[in-house]
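# An overview of the molecular structure
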There are 2 protein chains.
Amino acid sequence: MDHMPQLRIALAQVNPTVGDLAGNADLVVRWARNAVEAGADVVVFPEMVLTGYPVEDLALRESFGAASRSALDALAGSLDDAGCGAVPVWVGYLDRDEVGPRNGAAVLHGGRVVARQFKHHLPNYGVFDERRLFKPGTSLDIVRVRGLEVGMVICEDVWQEGGPVAALGQAGVDLIVSPNASPYERSKDDQRLPLIARRAREAQAPLVYVNQVGGQDDLVFDGDSIVVAADGTLLARAPQFVEHLALVDLDLPGGAARTDADVVDDFSVRRVVLSDEPRQDGVRHPGVIAEPLPEEAEIWSALVTGLRDYTQKNGFRSVVLGLSGGIDSAVVAALAVDALGADAVHGVSMPSAYSSEHSRADAAELAERTGLHFSEQPIADMVEVFVKQLGLTGLAEENVQARCRGMTLMGLSNQHGHLVLATGNKTELAVGYSTIYGDAVGGFAPIKDVPKTLVWHLARWRNAEAEKRGETPPIPENSISKPPSAELRPGQLDSDSLPDYELLDDVLDDYIEGDRGYADLVRAGHDPELIDRVLRMVDRAEYKRRQYPPGTKITFRAFGRDRRLPITSGWREG
Amino acid sequence: MDHMPQLRIALAQVNPTVGDLAGNADLVVRWARNAVEAGADVVVFPEMVLTGYPVEDLALRESFGAASRSALDALAGSLDDAGCGAVPVWVGYLDRDEVGPRNGAAVLHGGRVVARQFKHHLPNYGVFDERRLFKPGTSLDIVRVRGLEVGMVICEDVWQEGGPVAALGQAGVDLIVSPNASPYERSKDDQRLPLIARRAREAQAPLVYVNQVGGQDDLVFDGDSIVVAADGTLLARAPQFVEHLALVDLDLPGGAARTDADVVDDFSVRRVVLSDEPRQDGVRHPGVIAEPLPEEAEIWSALVTGLRDYTQKNGFRSVVLGLSGGIDSAVVAALAVDALGADAVHGVSMPSAYSSEHSRADAAELAERTGLHFSEQPIADMVEVFVKQLGLTGLAEENVQARCRGMTLMGLSNQHGHLVLATGNKTELAVGYSTIYGDAVGGFAPIKDVPKTLVWHLARWRNAEAEKRGETPPIPENSISKPPSAELRPGQLDSDSLPDYELLDDVLDDYIEGDRGYADLVRAGHDPELIDRVLRMVDRAEYKRRQYPPGTKITFRAFGRDRRLPITSGWREG
């Protein structure tokens, strides 16, 4: 039977750990072997899979660059030893040459590195510091596999109109593969597919986009790896937030008009021939198109993934958190149970003199619903010593309560080895409505980038999902419906200090995500007095925000290391 | 009397506050008026003086860029109103045009902006993120003052061989002025003068280098403004770490071979004529050459400046710190007294059951020697409640002591409005020898970038200086000479957990400042077991380091926001 030249592509959407060269190399061998056993002709891993992404300033360490290069050479051997030598494997890694550190991707084949290429476009915004870390590449390595020409571009290179993808199109390729480490943001998948489709049409070649999955500090990667045809048609899509091997058989016409020029569009082009024999088995592995998750499920999965990987990759087996009976700690507890299982989650109710009966009851009910380990540690005796001895009143007295809770959690953490979870949300963090060394205590802050109104929304959604599945909804109805309070003085409510959360989140969204200034916010119809009040709180809270633990980022403008604001600042927007 | 064309240059080495556009504009008017009263023909302020430097991500806010542009226009008017309209004043500011944010410098004259130029070379390493923040400039504005052609280059532009300075040389100028915001580092002034001299020779024109002074978060600027002749001879140098107006009369031959080309070396060149009448008074103001400070005095001044400006610019009038009787807290107290005066410094001795009698005595002696406010808050009662109620033992019990001290200081801070100073040094921070939410508590950490051995050295130096001046040495001899201990359990010494500090600092210096890897350290002759032990401690302590407050940076590789390392990392150098 005669048929069109064909390639079986394996997209290895895996979850590496930054810096763990040995562990990541094992991961690559394991998944490459699965791919080869499934008959793959080409295996593609994410950007910098060997080092994990982002390596941040580790990129600048000469010894780390040298270790990555050695690990790459060793990996080529290991793949060969594991029976994968006949199949080219695309592996991202950190290179370092006389020019400097490089964000590289290599093709490993027959126990050797047969091609390598460095990222050309280095993103330097938001969480990306690549111009600080890497020197750009200027070459394109095109590899012939089963008679078909396969080019590659790394991550940001695929976002450039008229960049290396266009150059590959001019040079003539039958297929482009693209290793990526593209962090999750709400609704980012809406941009990804149209972009990849456009780029494939630009190069007139199918495009294979492989993305990292999993959590790394405050970033989470959703996977969502994609294959599109030369006309942009979606052929395969991997599920989000899970490691996954996607297999797709591509029928490729072959014989793209090839130039033998050494230089195309300022890129030096090198061609490497690996094999010319066409694939003969005639079997067709149809691509599977996974549906992207609905919005709430996507956010919930991002938060669960970020929490799970931060905990496990840092070597913790269990977490501890304070349960106030309120909505934030209830949602964090539900996330932790989904991420790690109820047996790994320890909830502590820490009532004070000002805690209401319903708070303690709501905390206990949460524990019962989720099955987490529950204990109670009243803080009255601790607080009393500080307040009396130091003569504290007012805000100083309120803060001591939050700090005694923080110390209690840290004490339990030190004694039993749990990771402490901070339960603050993005709205609190934005306006500085928290106690430093108090409720800000912890190693990780799962909902740090979730605005208060979204916390409620997610709680309702998670409960409804449980109902659908016939399970017990994790979050007590009372924790969702009661008016929020810090309970640091009698009868205190959040609304004593803060505007209504719907209004507040609205202004914050425009100010932070929308990056709008005072005048612009007034024009948008917000109450000038409210804007002024909110902006002053936000502009003053930078020091507090910096002391907050990392937490999963779900928006472009999360608070964390990608927002670099001065502490000492005379700038007040309002 | 006939003489060479002459210009009186004023270098305004001032201390702005980031974001305080109104305050910084007032500062410029005040110093410009002094300069004009002193007969200056040209007044030069530091880089981005109007916004302060570094503005970090404020640069990305459209509203901040717009406010800076408006403030610049208003400042031109204010200068004119203040009688400075006839003298051109070089003012750095944040511009924003259709391309994006710009690091700009403008010439204000006659109530208007008559010239403006954007920084060409954008540093993107260490503390600098300018490729993230600014778009580079492509033009050079040359202004004629009293018949002499004056060009300008901004900061990093002056570090480039064959860059804009060379282009100005080709275009033909009689003088180059350079506004700078170049952060202090140990011995940086050794590089600065030779570089400025080389650049002047390259352009064959005298060069006026004006640097910012003062603290801004973890950065401190030392001033050290310089004027060199066309042959590189040093003509004037301003003192370090103080605001200063340096006046220099330059005899300029004039009539540099001028090209009228609109483009030189890819820079578009624009010439603006302000005045042609030569200066006639015949008076000569000789440049004053201040000696750079000796090494210890320079470091001490940097630390005092950083502490003073962080405190005052953030609106605090007083500081509070724990006095353990040890060397670190003694040095921080001495710095605070030098920075703010004894009346603004509150020292608290917080003995526990494990505190030795000499610790309490040494703390009290320090208070007596310096005159700071002293009080004692025993922590035994606080510790007991936590330990008993939570059943804490071992390290968990040790940490509770440090945390009760941290809570005590924060309680006093909240009650009385003091800024809390953390007293940890760079060595502790490097190896993670500290308690998170314990001794790491504070708003500022003055000796965060000072290795332990240098802490001792500075203590001895400061005492000797006092002796020289016939004053009481601030630091008790016993705090310097006794073996260091955290006193968290009976008989505990630092040497139980850490290598000898001389050895430790030696390895840390090679690993951190020298950026050497394990193999390289072994080759350098360090004991492999020691290296392994130290590197493991350093590589594991990133989370703790991130929770530490900012502190004055005195080395290139300080721990802080300019070192961006992953928390979750499998990389172990050892």
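Each chain has its residues counted from 1, running along the sequence as written. Going through the entries in the order they are written, you letter the chains from A and number the ligands from 1. Totals for whole chains, interfaces and linings use all residues, but because this is a predicted model, local features are given only for residues with pLDDT of at least 70 and pairs of side-chain atoms are given and counted only at 80 or more. Computation of side-chain values covers all heavy atoms of the structure but excludes hydrogens and water.

Chain A appears in an unreviewed UniProt entry as Glutamine-dependent NAD(+) synthetase from Actinokineospora fastidiosa. The record in UniProt for chain A states the following under Function (unreviewed entry): "Catalyzes the ATP-dependent amidation of deamido-NAD to form NAD. Uses L-glutamine as a nitrogen source." UniProt positions are given in the numbering used here, feature names are shortened, and annotations may be inferred rather than shown by experiment. UniProt lists a comment for chain A under the heading Pathway (unreviewed entry), and it reads "Cofactor biosynthesis; NAD(+) biosynthesis; NAD(+) from deamido-NAD(+) (L-Gln route): step 1/1."

### A look at the side chain of histidine 418 of chain A
All names here are of chain A. Helical segments are the DSSP runs of H or I of at least four residues, strand segments are the runs of E of at least two, and each set is numbered from the N terminus. One can find histidine 418 in the loop between α10 (394–416) and β20 (419–420). Looking at histidine 418, its side chain comes within polar contact range of the side chain of serine 318, at 2.7 Å. Only heavy atoms matter for contacts: two residues are in contact if any of them lie within 4.5 Å across the pair. Ignoring anything within four residues of it in the chain, the contact list for histidine 418 reads Phe316, Ser318, Val319, Val320, His346, Leu412 and Ser413. The term polar contact refers here to a pair of N or O atoms within 3.5 Å; inside protein, the definition further demands a hydrogen-donor-capable atom paired with an acceptor-capable atom, and it admits residues adjacent in sequence only when both atoms are side-chain atoms.

### Points about helix α8 (residues 357–370) of chain B
Residues and elements named next belong to chain B. Over its 14 residues, α8 runs 20 Å from end to end, which matches the ideal 20 Å to within 8%, given 1.5 Å per residue. Partly exposed describes any residue whose relative accessible area lies between the buried limit of under 20% and the exposed limit of over 50%, with all areas from a 1.4 Å probe on protein chains only and scaled to the type maximum. Regarding α8, the residues found buried are Ser359, Asp362, Ala363, Leu366, Ala367 and Thr370. All buried residues of α8 lie within an arc of 140° about the axis, which places them on one face of the element. For α8, exposure combined with an orientation more than 90 degrees from the buried face picks out Glu357 and Glu368. Looking at the buried side of α8, the elements it contacts are α7 (327–340), β18 (345–349), β19 (373–376) and α13 (477–481). Here a helix's expected span is defined as the number of its residues, less one, multiplied by 1.5 Å. The arc in question is formed by the directions pointing from the helix axis toward the C-beta atoms.

### A closer look at the pairing of strand β13 (residues 234–237) of chain B
Residue and element names in this part refer to chain B. For two strands to be treated as a pair, DSSP must find no fewer than two bridges joining them. The sheet contact formed by strand β12 (residues 226–228) and β13 spans 3 bridges and is antiparallel. The partner of valine 227 across the bridge, within β13, is alanine 236. Turn length for the β12-β13 hairpin, with the two strands adjacent in sequence and antiparallel, is 5 residues, and the turn residue glycine 232 shows positive phi of about 90°.

### Describing the sheet that holds strand β5 (residues 112–118) of chain B
All names here are of chain B. Strand order in the open sheet formed by 6 strands is β5-β4-β3-β2-β1-β14, and the pairing between neighbours is mixed. Every other strand in the sheet has two partners, leaving β5 and β14 (244–251) as the edge strands with one partner each. With direction set aside, neighbouring strand axes in the sheet form an average angle of 30°. The sheet contact formed by strand β4 (residues 101–109) and β5 spans 6 bridges and is antiparallel. Bridge pairing in β5 places leucine 108 opposite valine 113. Under this scheme, a helix contributes an axis fitted over its contacting stretch, all axes are lines through C-alpha atoms, and angles between N-to-C directions fall in the 0 to 180 degree range. Contacts from helix α1 (residues 21–37) reach β1 (6–13), β2 (42–44), β3 (89–96) and β14, with the element oriented near 40° to β14. Each of β3, β4 and β5 is contacted by helix α2 (residues 62–84), which is oriented at about 155° to β3, the strand it contacts most.

### Some details on the pattern of salt bridges
All names here are of chain B. Only one rule defines a salt bridge in this text: a Lys or Arg side-chain nitrogen within 4 Å of an Asp or Glu carboxyl oxygen. Scanning the entire structure with this criterion turns up 94 salt bridges over all chains. In this structure, the salt-bridge partner of arginine 132 is aspartate 57, at a minimum N-O distance of 2.8 Å. Of this pair, arginine 132 sits in helix α3 (residues 130–133) while aspartate 57 sits in the loop between β2 and α2, and the two are 75 residues apart along the sequence. Judged by relative accessible area, which is 9%, arginine 132 ranks as buried. The shortest N-O distance in the salt bridge between aspartate 95 and arginine 69 comes to 2.7 Å. Here the residue aspartate 95 occupies a position in strand β3, and arginine 69 occupies one in helix α2, the gap between them amounting to 26 residues. When its relative accessible area of 0% is taken as the criterion, aspartate 95 is described as buried. Residue arginine 69 is classed as partly exposed on the basis of its relative accessible area, which comes to 32%.

### Focus on the UniProt feature "binding site: deamido-NAD(+)" (unreviewed entry) in chain A
Cross-referencing UniProt, the feature "binding site: deamido-NAD(+)" (unreviewed entry) maps to Asn399, Glu428 and Lys544 of chain A in the present numbering. Within the secondary structure, asparagine 399 of chain A sits in helix α10. Asparagine 399 of chain A sits in the buried class, given a relative accessible area of 10%. With near-sequence residues (within four places) excluded, asparagine 399 of chain A lies in contact with Thr435 of chain A together with Asn414 of chain B. By the element assignment, glutamate 428 of chain A lies in helix α11 (residues 426–431).

### Section: the UniProt feature "binding site: L-glutamine" (unreviewed entry) in chain A
With numbering matched to this structure, UniProt assigns "binding site: L-glutamine" (unreviewed entry) to Tyr125, Ser182 and Lys188 of chain A. Its location among the elements puts tyrosine 125 of chain A in the loop between β5 (112–118) and α3 (130–133). The residues contacting tyrosine 125 of chain A, other than those within four sequence positions of it, are Glu156 and Phe556 of chain A together with Arg132 of chain B. Structurally, lysine 188 of chain A is set in the loop between β8 (175–180) and α5 (189–203). Given the relative accessible area of 9%, lysine 188 of chain A is considered buried. Ignoring any residue separated from it by four or fewer positions in sequence, one finds lysine 188 of chain A in contact with Ser182 and Pro183 of chain A.

### Remarks on the interface of chain A and chain B
Between chain A and chain B, the contact holds 77 residues from the first and 77 residues from the second. Both faces considered, chain A and chain B share a buried interface measuring about 6,700 Å² in area, 52% of it formed by carbon and sulfur atoms. Throughout, buried area stands for the accessible area (probe radius 1.4 Å) lost by two parts on being put together, summed over both. The largest share of the area that chain A buries against chain B comes from Arg564, Thr568 and Trp571 of chain A, three residues that together contribute 12% of it. Linking chain A with chain B are 8 salt bridges. Salt-bridge contacts for arginine 61 of chain A lead to aspartate 515 of chain B; the nearest nitrogen and oxygen are separated by 3.0 Å. Inspection of the region where chain A meets chain B yields 40 residue pairs in polar contact (both at pLDDT 80 or more). Among the elements of the structure, α2 (62–81), α3, α6 (295–313), α9 (380–390), α10 and α18 (542–547) of chain A are those that each provide at least two residues to the side of chain A that touches chain B. Of the residues forming the side of chain A that touches chain B, the biggest block, 12 residues, is contributed by α10 of chain A.

### Looking at the domain arrangement of chain A
Residues and elements named next belong to chain A. In this document the domain limits rely on a domain assignment from an automatic tool or a database. When its domains are assigned, chain A resolves into domain 1 (6–288) and domain 2 (296–493). Relative to domain 2, the C-alpha centre of domain 1 lies at a distance of 41 Å. Facing 14 residues of domain 1, the contacting portion of domain 2 comprises 12 residues. Interface of domain 1 and domain 2: buried area, both sides summed, is about 1,000 Å²; carbon and sulfur atoms make up 53% of it. Summed over the shared surface of domain 1 and domain 2, the result is 0 salt bridges. Counting across the interface, domain 1 meets domain 2 through 7 residue pairs in polar contact (both at pLDDT 80 or more). For the side of domain 1 that touches domain 2, the element with the most residues is strand β10 (residues 213–216), which contributes 3 residues. Among the residues forming the side of domain 1 that touches domain 2, the class breakdown is 4 nonpolar, 7 polar and 3 charged. The classification used treats Ala, Val, Leu, Ile, Met, Phe, Trp, Tyr, Cys and Pro as nonpolar, Asp, Glu, Lys and Arg as charged, and all other residues, Gly among them, as polar.

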